[in-house]
Amino acid sequence: MTAERTWAEVSLGRLAENYRRIEAAVGADVLIAPVVKANAYGHGAVDVSRRLAEEGARYLAVNCVNEGVVLRESGISCRILVMGGVLRFERAACAEWRLTPVVHTLEELRDLDAASLNIPVHLMIDTGITRLGAQATAEEVVNALSGLKSLRVEGLMSHFASAECFDSRQTEEQIACFDAVCQALRAARCLPPVLHFSGTSGVAYGRRSSSMSLVRTGLAVYGYIPPGTGETPPLAFTVDPVLTWRARLVGLKEVPEGTCIGYGARFRAPRPMRIGIVAAGYADGVPHRLSNGGQFVAGGRLATILGAVSMDLTTIDLSEAPSLRIGDPVTLIGREGDVSMDAQKMAHAAGEISYSVLCGIGNRVKRVYLPG
Ligand SMILES: *Cc1c(COP(=O)(O)O)cnc(C)c1O
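A short tour of the structure in this document, coming up.

Analysis parameters
- Residues numbered from 1 in each chain as written.
- Predicted model: local features only at pLDDT ≥ 70, side-chain atom pairs only at ≥ 80, totals over all residues.
- Heavy atoms only, no water.
- Helix = DSSP H or I, 4+ residues; strand = E, 2+ residues; numbered from the N terminus.
- Polar contact = N/O pair within 3.5 Å; in protein donor to acceptor, adjacent residues only side chain to side chain.
- Near = heavy atom within 4 Å.
- Buried < 20%, exposed > 50% of the residue type's maximum accessible area, 1.4 Å probe, protein only.
- Lys, Arg positive; Asp, Glu negative; His and termini not counted.
- Salt bridge = Lys/Arg side-chain N within 4 Å of Asp/Glu carboxyl O.
- Contact = heavy atoms within 4.5 Å.
- Axes fitted to C-alpha atoms, helices over the stretch in contact; angles between N-to-C directions.
- Parallel < 35°, antiparallel > 145°, perpendicular 65-115°, else oblique.
- Left-handed = near helix turned anticlockwise from the far one by under 90°.
- Nonpolar A, V, L, I, M, F, W, Y, C, P; charged D, E, K, R; others polar.
- Arc of directions from axis to C-beta.
- Pairing = 2+ DSSP bridges.
- Right-handed = clockwise from strand over helix to strand, strands pointing away.

## Some remarks on the environment of serine 356
Its location among the elements puts serine 356 in helix H11 (residues 354-359). Among the polar contacts made by the side chain of serine 356, one reaches the side chain of glutamate 352 at a distance of 2.7 Å.

Structure, rendered in C-alpha cells:
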C-alpha cells in the first residue's frame, strides 16, 4: 500500500490504450499531438510524455516554452508544439531546445523571418474563438506567407470554441473561415503542409474536416470527453479515466445530533452520525464548492461531504461505512467495486469542468505511475 496521505495513481497502460483508440478513430494518415500542457492535465508531463512517445507519438503539444524545456531536459525528443506562443525573451530558449512555436500574429511572423529564426513554426488563425491567433483575411495571410524570405511555416492551425455544442453554428462558421484561408493559400502555392484544428471535442464529435493532417487531443488521452449540448452525434471513440485519486482517513468521530461541523458551522448533524476526516482539502484540489454536497467513495459507497471543505481536510459522512478505520484510504476520483466518482461528476457537482478538476490536483498529491 502506498505510504502517502493522498496520492494519484496514473495508469500508463490506460493512457496508452486511450491514445490507441484516438489513433484508430482518426486513421493512420492523421498525426496525433497529445497535449501535455499543465503538467499533462495534472497527470505528470514527463512520465506521460515518455509513455506517449513509446506509443508512437511524434508530436507533443504544450502551452509555453518552459513546459517544452522540461520535456527536453528529460530526454524527450518528439516535436514539441508551443501553443501559447513565444514572447521575445523566450525565443532563444525556443531555438536552443528545438521547440516549435505557434505564431499568433502576421507581424510576429514577419519579425521572426527578419530575425532569421532557424526553426519551423505553425501559424494560428483566429477563426472565431477570439483568443490567440491572427485575425486576418485570407488575402492578408497569403501576402504574409508569400513574402517570407527564410522562415518555414510548417503548419496552419485554428482552434474550436464550441466543438461539442450542437445547438450552435459556430463550428461550421469557423471551419468555413479556415477553409477560405486554406483555399487562398493553396491557390498561391504557399499552403503549409500540416493543417490542424481539432482538440478532443472536435475529434470525438466528428468535427474534423477531411483536409486535416494533425489533431491536438488533450483531455481524451486522460480519459474524458466534454459532454455535448444539443443533438450530439455518436462519439467517434470512447476512453477511460487514467487517474485514480485517493486519500486516507486521518480522523473518525461519532457525533450526536446537533453537532456543528467545520468552518462556519455550515453543517449541523440532523441525527447521530459517524464522520470521517479525509487528508485532502482545497490545497490538494478538492473544489471548495463541494462543501456540503460533493461526494467521495468510501467503503464501497458514496459518502457525502459535510460542511466546508478546508485547506487540508474534508469531512465526510461515514454512517454507512462502519468498518473503515483511521489510515484507510477513500477514493476521491476512481472506483471501489461498482461505485465510482470521476472528474466529470466531481466537476459537475462543483460547477466546474473536468479540465479544471484534473489540473487542480495539487502538488502535495503524490503521483504514482502504474505501468499497466
Ligand atoms: C488545450 C488545447 C488543446 C487541447 O484541448 P482538449 O480539449 O484537452 O483536447 C488543443 N489546442 C489548443 C490550442 C489548446 O490550447
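## Remarks on the site of the ligand
In the vicinity of the ligand there are 13 residues, among which Lys37, Tyr41, Thr200, Gly218 and Tyr355 approach most closely. Here lysine 37 contributes a side-chain N or O atom positioned 2.7 Å from an oxygen atom of the ligand.

## Some thoughts on the side chain of glutamate 108
The topology assignment puts glutamate 108 in helix H6 (residues 106-114). Although buried, glutamate 108 forms no salt bridge, and the nearest oppositely charged side chain, arginine 91, lies 5.0 Å from it. Setting aside anything within four residues of it in sequence, one finds glutamate 108 in contact with Val86, Arg91 and Val103.

## Brief notes about the packing of helix H7 (residues 138-146) against helix H8 (residues 170-187)
The packing of two helices is summarised by the inter-axis angle and the distance between the axes. Closest axis-to-axis distance for the H7/H8 pair is 9 Å, and the angle between their directions is 40°. Regarding the angle of H7 to H8, the classification is oblique. When you trace H7 past H8, the crossing you get is right-handed. Contact residues: H7 offers Ala138, Val141, Val142 and Leu145, while H8 offers Ala180, Val181, Ala184 and Leu185. Looking at the contact of H7 with H8 residue by residue, the classes come out as eight nonpolar, no polar and no charged.

## Points about helix H10 (residues 343-350)
Those residues of H10 not exposed but buried are Ala343, Met346, Ala347 and Ala350. Considered in projection along H10, the buried side chains sweep an arc of 100° and stay on one side of the axis. Next to the buried residues of H10 lie strand E16 (295-298), strand E19 (329-336), strand E20 (339-341) and H11. Where H10 begins, the capping side chain belongs to aspartate 342, and its oxygen is found 3.0 Å from the backbone nitrogen of glutamine 344. Taken from the residues just after H10, glycine 351 is the one with a positive phi, measuring 70°.

## Structural notes on the packing of H6 against H7
Contact geometry for H6 and H7: axes closest at 10 Å, N-to-C directions at 5°. Taken as axis vectors, H6 and H7 run roughly parallel relative to one another. Within the contact between the two elements, H6 uses Leu106, Leu109 and Arg110 and H7 uses Glu140, Val141, Ala144 and Leu145. Taken together, the residues of the contact of H6 with H7 sort by class into five nonpolar, no polar and two charged.

## Observations regarding the pairing of strand E5 (residues 100-103)
Burial of E5 is two-sided: the residues Thr100 and Val102 facing one way and the residues Pro101 and Val103 facing the other way are all buried. As paired strands, strand E4 (residues 79-82) and E5 are joined by two bridges and run parallel to one another. Looking at E5, one finds that valine 82 is bridged to proline 101. Viewed along the sheet, the connection from E4 through helix H5 (residues 91-96) into E5 turns out right-handed.

## Let's talk about unusual backbone geometry
Of note in this structure, asparagine 39 is not a glycine but carries a positive phi near 50°. By relative accessible area, which is 39% here, asparagine 39 ends up partly exposed.

## Comments concerning the pattern of salt bridges
Inspection of every chain in the model, using the stated rule, returns 17 salt bridges. Between arginine 207 and glutamate 172 there is a salt bridge; the shortest N-O distance is 3.4 Å. Highlighted residues: arginine 207 in the loop between helix H9 (200-204) and strand E10 (214-215) and glutamate 172 in helix H8, separated in sequence by 35 residues. Arginine 207 gets classed as buried once you look at its relative accessible area, which sits at 8%. Its relative accessible area of 31% is what places glutamate 172 among the partly exposed residues. Linking aspartate 317 and arginine 271 is a salt bridge whose minimum nitrogen-to-oxygen distance equals 3.4 Å. In this pair, aspartate 317 sits in strand E18 (residues 314-317) while arginine 271 sits in the loop between strand E14 (267-268) and strand E15 (273-278), placing the two residues 46 residues apart along the sequence. A relative accessible area of 36% means that arginine 271 is categorised as partly exposed. Through salt bridges that share partners, Glu17, Arg20, Arg21, Arg51, Glu54, Glu55 and Asp240 make up one connected network.

## As for the side chain of serine 291
Among the structural elements, serine 291 can be located in the loop between E15 and E16. Within the local environment of serine 291, its side chain forms a polar contact with the backbone oxygen of histidine 288, the two atoms lying 2.6 Å apart.

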